[in-house]
Amino acid sequence: MTGPVASAPGLDRRFGAYGGRYVPETLIPALDELEGAWAEARGDGGFAQELAALLRDYAGRPTPLYRARRLSEAAGRTVYLKREDLLHSGAHKLNNALGQALLAKRMGKERVIAETGAGQHGVATATACALLGLECVVYMGSEDMRRQRPNVERMGLLGAEVAPVEAGARTLKEAVSEAIRDWVTNAAGTHYVIGSAVGPAPYPALVRDLQRVIGDEARAQILAAEGRLPDRVIACVGGGSNAIGTFVAFAADADVELVGVEAAGEGIDSGRHSAPLSTGARGVLHGSLSAVMQDSDGQIVEAHSVSAGLDYPGSGPEHAHLRDSGRARYVAVTDDEAVAAFRRLCRLEGIVPALEPSHAVAWLLGAGVDAAAGRGPVTANGSEADPGGGDHHPSGGGLDLLTLSGRGDKDLAEVLELG
Ligand SMILES: *Cc1c(COP(=O)(O)O)cnc(C)c1O
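Residues numbered from 1 in each chain as written. Predicted model: local features only at pLDDT ≥ 70, side-chain atom pairs only at ≥ 80, totals over all residues. Heavy atoms only, no water.

**Student:** Report on the site of the ligand, specifying residues and quantitative values.
**Tutor:** Close to the ligand lie 16 residues; Lys-93, Ser-196, Gly-240, Ser-241 and Ser-405 are nearest. With respect to the ligand, the backbone of Gly-240 contributes an N or O atom lying 2.7 Å from an oxygen atom. The separation between a nitrogen atom of the ligand and a polar side-chain atom of Ser-405 is 2.7 Å. For the ligand, whose free accessible area comes to 380 Å², the fraction covered by protein is 97%. Classifying every residue of the shell around the ligand gives four nonpolar, 10 polar and two charged. (Near = heavy atom within 4 Å. Polar contact = N/O pair within 3.5 Å; in protein donor to acceptor, adjacent residues only side chain to side chain. Areas by Shrake-Rupley, 256 points an atom, 1.4 Å probe, with all protein chains shown as cover. Nonpolar A, V, L, I, M, F, W, Y, C, P; charged D, E, K, R; others polar.)

**Student:** Which residues make up the packing of helix α1 (residues 28-42) against helix α9 (residues 203-226), and what are the values?
**Tutor:** Running from N to C, α1 and α9 point in directions that differ by 30°, and their axes come no closer than 10 Å. When the axes of α1 and α9 are compared, the pair comes out roughly parallel. Along this stretch, α1 crosses α9, giving a crossing that reads as left-handed. The residues of α9 that touch α1, namely those facing Leu-31, Leu-34, Trp-38 and Arg-42, are Tyr-203, Leu-206, Asp-209 and Leu-210. Its residues assigned to classes, the contact of α1 with α9 shows six nonpolar, no polar and two charged. (Axes fitted to C-alpha atoms, helices over the stretch in contact; angles between N-to-C directions. Helix = DSSP H or I, 4+ residues; strand = E, 2+ residues; numbered from the N terminus. Parallel < 35°, antiparallel > 145°, perpendicular 65-115°, else oblique. Left-handed = near helix turned anticlockwise from the far one by under 90°. Contact = heavy atoms within 4.5 Å.)

**Student:** Got a sec to walk through the state of the cysteines? Specific residues and values, please.
**Tutor:** Cysteine pairs can be linked by a disulfide, which is a covalent bond between their two sulfur atoms. Inspection of the entire model under this criterion finds zero disulfides. As a non-bridged cysteine, Cys-129 has Cys-136 as the owner of its nearest cysteine sulfur, 4.0 Å distant. Residue Cys-129 is classed as buried on the basis of its relative accessible area of 1%. Lacking any disulfide linkage, Cys-236 is separated from the closest cysteine sulfur, that of Cys-346, by 16 Å. (Disulfide = S-S within 2.5 Å. Buried < 20%, exposed > 50% of the residue type's maximum accessible area, 1.4 Å probe, protein only.)

**Student:** For the pattern of salt bridges, give the residues involved together with the corresponding values.
**Tutor:** For the structure shown, the criterion picks out 35 salt bridges. Between Glu-143 and Arg-146 there is a salt bridge, and its shortest N-O distance comes to 2.5 Å. Of the two residues, Glu-143 and Arg-146 both sit in helix α6 (residues 142-147), three residues apart, roughly one turn of that helix. Here Arg-146 falls in the exposed class, since its relative accessible area comes to 56%. (Salt bridge = Lys/Arg side-chain N within 4 Å of Asp/Glu carboxyl O.)

**Student:** So what's going on with the sheet that holds strand β8 (residues 190-193)? Residues and values would help.
**Tutor:** Within the open sheet, the four strands sit side by side as β7-β6-β5-β8. Their pairing is parallel. Each end of this open sheet is capped by a strand with a single partner; those strands are β7 (161-165) and β8. With strand direction ignored, the average angle separating the axes of adjacent strands in the sheet is 25°. Across the sheet, helix α4 (residues 93-106) lies against β5 (111-116) and β8, angled at about 165° from β8, the strand it touches most. Sheet strands in contact with helix α8 (residues 172-186) are β5, β6 (135-141), β7 and β8, and its direction is about 160° off that of β5. (Pairing = 2+ DSSP bridges.)

**Student:** Give a detailed account of the sheet that holds strand β10 (residues 257-265), specifying residues and quantitative values.
**Tutor:** If you walk across this open sheet you meet the six strands as β3-β4-β14-β9-β10-β13, and the pairing is mixed. Looking at strand neighbours, the two that pair on one side only are β3 (65-67) and β13 (328-334), the edges of this open sheet. For this sheet, the mean angle separating the axes of adjacent strands, direction not counted, is 25°. Relative to strand β14 (residues 399-404), strand β9 (residues 232-236) runs parallel, the two sharing three bridges. If you follow Val-233 over to β14, its bridge partner there is Leu-401. Where α9 meets the sheet, it contacts β3, β4 (78-83) and β14, and its direction lies at approximately 140° from that of β4. In this fold helix α13 (residues 335-349) packs onto β3, β10, β13 and β14, with an angle of close to 90° to the strand it touches most, β13.

**Student:** Go over the domain arrangement of the protein, please, and point to the residues and values.
**Tutor:** The figure often quoted for interface size is the accessible area lost as the parts come together. When cut into domains, the protein gives domain 1 (29-45 + 93-204) and domain 2 (65-89 + 212-418). Contacts between the two partners involve 17 residues from domain 1, matched on the other side by 20 residues from domain 2. Carbon and sulfur atoms make up 65% of the area that domain 1 and domain 2 hide from each other, which totals about 1,500 Å². In this structure, the connection of domain 1 to domain 2 is made through zero salt bridges. Applying the counting rule to domain 1 against domain 2 returns three residue pairs in polar contact (both at pLDDT 80 or more). Residue assignment for the side of domain 1 that touches domain 2 shows that the elements contributing at least two residues are α4, α5 (120-132) and α8. For the side of domain 1 that touches domain 2, the leading source of residues is α8, giving four residues. (Domains from an automatic or database assignment. Buried area = accessible area lost by both parts, 1.4 Å probe.)

**Student:** Explain the packing of aromatic side chains to me, using residue names and the numbers behind them.
**Tutor:** A ring pair, where both rings are aromatic, is described by two values, the distance of the centres and the angle of the planes. Following the criterion strictly, the structure yields four aromatic pairs and no others. Taken together through their ring pairs, the aromatic side chains of Trp-183, Tyr-192 and Tyr-203 make up a single cluster. (Phe/Tyr/Trp six-rings, centres within 6.5 Å; stacked < 30°, edge-to-face > 60°.)

**Student:** Which residues make up the environment of Ala-114, and what values go with them?
**Tutor:** Mapped onto the fold, Ala-114 is located in strand β5. By relative accessible area, Ala-114 is classed as buried at 0%. Residues Ala-114 and Ala-124 lie 10 residues apart in sequence; the distance between their C-alpha atoms is 10.0 Å. If sequence neighbours within four positions are ignored, Ala-114 has contacts with His-121, Thr-125, Val-137, Val-138, Tyr-139, Ala-179, Tyr-192 and Val-193.

**Student:** Can you break down helix α2 (residues 45-59) residue by residue, with the values?
**Tutor:** Side chains three or four residues apart in an α-helix point the same way, a direct result of the helix having 3.6 residues per turn. For α2, with 15 residues, the first-to-last C-alpha span of 20 Å sits near the 21 Å given by 1.5 Å per residue. Residues of α2 that are buried include every one of Phe-47, Ala-48, Leu-51, Leu-54, Leu-55 and Ala-59, and no others. End-on, the buried residues of α2 take up no more than an arc of 130°, which puts them together on one face. Exposed and oriented more than 90 degrees from the buried face of α2 are Gln-49 and Asp-57. Where α2 is buried, its residues meet α1, α4, α5 and α9. If you check the start of α2, you find a side-chain oxygen 2.7 Å away from the backbone N of Gly-46, and it comes from Asp-44. After α2 finishes, the residue Gly-60 shows a positive phi value of roughly 100°. (Expected span 1.5 Å × (residues − 1). Arc of directions from axis to C-beta.)

Spelled out as structure tokens, the structure:
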């Protein structure tokens, strides 16, 4: 099994036309410093070893690859789940936070900042900072703080300072802007841990490199279990870090289909969704050119999803490129379909998934709309106008790998409230 760092491909600034650094020029030296530090760190066996040891002994890697028998029966295919829900702190986000916190330490930065929406990335960063003895400030919109009280308290227990952001809608987008403002002022002693494969270069490549441990492990595990590669690799896409970390290990395997599942929210046609890859035009968000949800003036529009982790109006630039090149396919699943799949997986496998990967499970079970293939639209009440989903379920079985990016404890209240 390869380490998380050693086999990483080039530190790309662009993915086709996408990516880049659309930031104030005062940030360029900090991005250059980070890029240089990462290029050096990932070529350094000592760093790779230290990170691999923490991922193993502290975080619990490798996570299991589990053959989900009853889910397979329901799907009519053999399905393996990559169990990131079993990683310490409950989701794949720690792979990135731990790697970046270790990098910050190596760069001599004593202070770490992060943004958070629902609080999951804030908790992962606070966890990594407690472990490594780093000062941690997490920017969070005051509206999100109100909605996500338990995570605010968790971050406090872990020693992080949660800095409320009062601007605009007081949610994730404003928190990112505030974190960037802090970084512009304090870059000399501060590292900014971005939570997904988004942002200005080198972040999309850095986060992908740190998350590819998911795909590298899963590829070796499925080869060991089945003696062959899967037909399809499926993951949910918010900013896109768990998906790109899974996909990248299979990118050169031309026969493996890569499927990213976005949030269709209340339905693509309703406009209340979070599916920029399925619907969005090219635009700039948080320092990077990618597929983003915007109005005709280029202003970012609000995203909607029942799952906080997918509730983001942009996507990572590498996904936009994989879509355009045809190497990966992007589909979208509604809130209702995701919640139904959440309940189904609980009953079928005794696994309570996070709402984010429940979108991927829903697609596996036949839900969703595929914009590229021109399939029927998802109606506002969440049922598909063209039911059956037959085109993505070729008969005769098949072998699927699905990344279960996190556990659902955080989502219980939400799901129970929906009845
Ligand atoms: C945050 C989160 C996501 C979405 O983020 P990506 O960067 O797209 O992976 C998905 N699943 C879980 C469990 C999350 O916490």
